[in-house]
Amino acid sequence: MAKSFTPALKKKLVEAGCRFERTGKGDHDIWYSPITQHRFVVDQTIKSRHTANAVLKQAGLPKAF
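Definitions and limits used
Residues numbered from 1 in each chain as written. Predicted model: local features only at pLDDT ≥ 70, side-chain atom pairs only at ≥ 80, totals over all residues. Heavy atoms only, no water. Helix = DSSP H or I, 4+ residues; strand = E, 2+ residues; numbered from the N terminus. Buried < 20%, exposed > 50% of the residue type's maximum accessible area, 1.4 Å probe, protein only. Polar contact = N/O pair within 3.5 Å; in protein donor to acceptor, adjacent residues only side chain to side chain. Contact = heavy atoms within 4.5 Å. Arc of directions from axis to C-beta.

Undergrad: Which residues make up the side chain of S33, and what values go with them?
TA: Looking at the secondary structure, you find S33 in strand 2 (residues 28–33). Look at S33 and you get buried, because its relative accessible area is 0%. A distance of 3.2 Å separates the side chain of S33 from the backbone nitrogen of I35, its partner in a polar contact. When sequence neighbours within four positions are dropped, the list of residues in contact with S33 reads C18, H38, F40 and A59.

Undergrad: Describe unusual backbone geometry, listing the residues and the values that go with them.
TA: Positive phi values are uncommon outside glycine, yet Q37 reaches one of about 60 degrees. By the element assignment, Q37 lies in the loop between strand 2 and strand 3 (38–43). Q37 sits in the exposed class, given a relative accessible area of 59%.

Undergrad: Talk me through helix 1 (residues 6–15); I want residue IDs and the actual numbers.
TA: Buried within helix 1 we find T6, L9 and L13. Projected onto a plane normal to the axis of helix 1, the buried residues spread over an arc of 60 degrees and lie on a single side. Opposite the buried face of helix 1, at more than 90 degrees from it, the exposed residues are P7, K11, V14 and E15. Structurally, helix 1 contributes buried residues whose contacts are with strand 2, strand 3 and helix 2 (49–58). Positioned one or two residues after helix 1, G17 has a phi angle of 95 degrees, which is positive.

As structure tokens, this is what we get:
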């Protein structure tokens, strides 16, 4: 079974000043980025590095995975 990128992703988001806003539908969370001033969705179990990097891009951060 592949590892989840979610814990490392959330750590990077918090370090960049992003914050958890609320739980979304299913196993998704809604986060806010002060960099882009937008909300974005983070899945609880991201198994693809491409998806993890896409979340970082939505948050206004560079690729890390």
